[in-house]
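# Residue-level structural notes
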Amino acid sequence: MAKYIAQIIVLGGQAIGRAFAKALKQEIAASQEAAKRAGGGRQGDQSAEANLRSGMTLEEAKQVLNVDDIKNVDNIIKSYDHLFNVNERAKGGSFYLQSKVFRAKERLDHELKAQEEHNSKKAEHAEETIQSRARQRR
């Protein structure tokens, strides 16, 4: 009898061990894939920081507001206004959904601001490069 109980315990431990190892491998693969999608390096750090700050990824924010292109600001504002007003508590809406809509808009605004800063830095760098080349030619 004790022999069978010991076998059951060993087999159960092995099954749990295999399941844990499989879950760990999946988590590592998922985190590596997320790092690749975030861009890696400094850009990935900034994206992760924005995700933590707003509690929402860029993809999730686009899904909440039903927006494909974040550069289309008019579409974002239109969708935000509609969803925010529809989910107003006074109209029988959900405060939870309204807060999700607000956080999604906040996340997209942060991403747009980051892109604008990146583009302005790029333009400044290009102008500096042109000026330095002009100086070298003199």
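Residues numbered from 1 in each chain as written. Predicted model: local features only at pLDDT ≥ 70, side-chain atom pairs only at ≥ 80, totals over all residues. Heavy atoms only, no water.

By the naming in an unreviewed UniProt entry, the protein chain is Blp, taken from Drosophila busckii. The protein chain has a UniProt comment under Sequence similarities (unreviewed entry) that states "Belongs to the TIM16/PAM16 family." Per UniProt, the protein chain has the following entry under Subcellular location (unreviewed entry): "Mitochondrion inner membrane". (UniProt positions renumbered as here; feature names shortened; annotations may be inferred.)

## Here's the deal with the nonpolar core
Grouped together as the largest cluster of nonpolar side chains are twelve residues: M56, L58, A61, L65, V67, I70, I76, Y80, V101, A104, L108 and L112. Those elements giving two or more residues to this core turn out to be α3 (58–64), α4 (73–86) and α5 (95–137). The element contributing the most residues to this core is α5, with four residues. When near neighbours in sequence (up to four residues on either side) are disregarded, V67 contacts K62 and I76. (Core = buried A, V, L, I, M, F, W, Y, C linked by side-chain atoms within 4.5 Å. Buried < 20%, exposed > 50% of the residue type's maximum accessible area, 1.4 Å probe, protein only. Helix = DSSP H or I, 4+ residues; strand = E, 2+ residues; numbered from the N terminus. Contact = heavy atoms within 4.5 Å.)

## Structural notes on the pattern of salt bridges
This model, assessed by the stated rule, comprises five salt bridges. Note that E59 is salt-bridged to K62, the shortest N-O span being 3.8 Å. Of this pair, E59 and K62 both sit in helix α3, three residues apart, roughly one helical turn. The exposure class assigned to E59 is partly exposed, which follows from its relative accessible area of 47%. The buried category is assigned to K62, whose relative accessible area is 18%. (Salt bridge = Lys/Arg side-chain N within 4 Å of Asp/Glu carboxyl O.)

## Quick word on the packing of aromatic side chains
Two aromatic rings are characterised by how far apart their centres lie and by the angle between their planes. In this structure the tally under the stated criterion is one aromatic pair. Here the guanidinium or amino end of K105 rests over the ring plane of Y80, the centre of that ring lying 5.6 Å away. (Phe/Tyr/Trp six-rings, centres within 6.5 Å; stacked < 30°, edge-to-face > 60°. Lys NZ or Arg CZ within 6 Å of the ring centre and 35° of its normal.)

## Section: a nonpolar patch on the surface
Side chains of M1, I5 and I9 sit close together on the surface and give an oily, nonpolar patch of about 370 Å² of accessible area. Relative to the assigned elements, M1 resides in the segment before α1 (2–38). Given the relative accessible area of 75%, M1 is considered exposed. (Patch = residues over 30% accessible without salt bridge, like charges linked within 9 Å, V, L, I, M, F, W, Y side chains within 5 Å. Areas by Shrake-Rupley, 256 points an atom, 1.4 Å probe, with all protein chains shown as cover.)

## Structural notes on the side chain of Q98
Locating Q98 in the fold gives a position in helix α5. Assessed through its relative accessible area of 9%, Q98 is described here as buried. If we ignore the near neighbours within four places in the chain, the residues touching Q98 are F84, N87 and E88.

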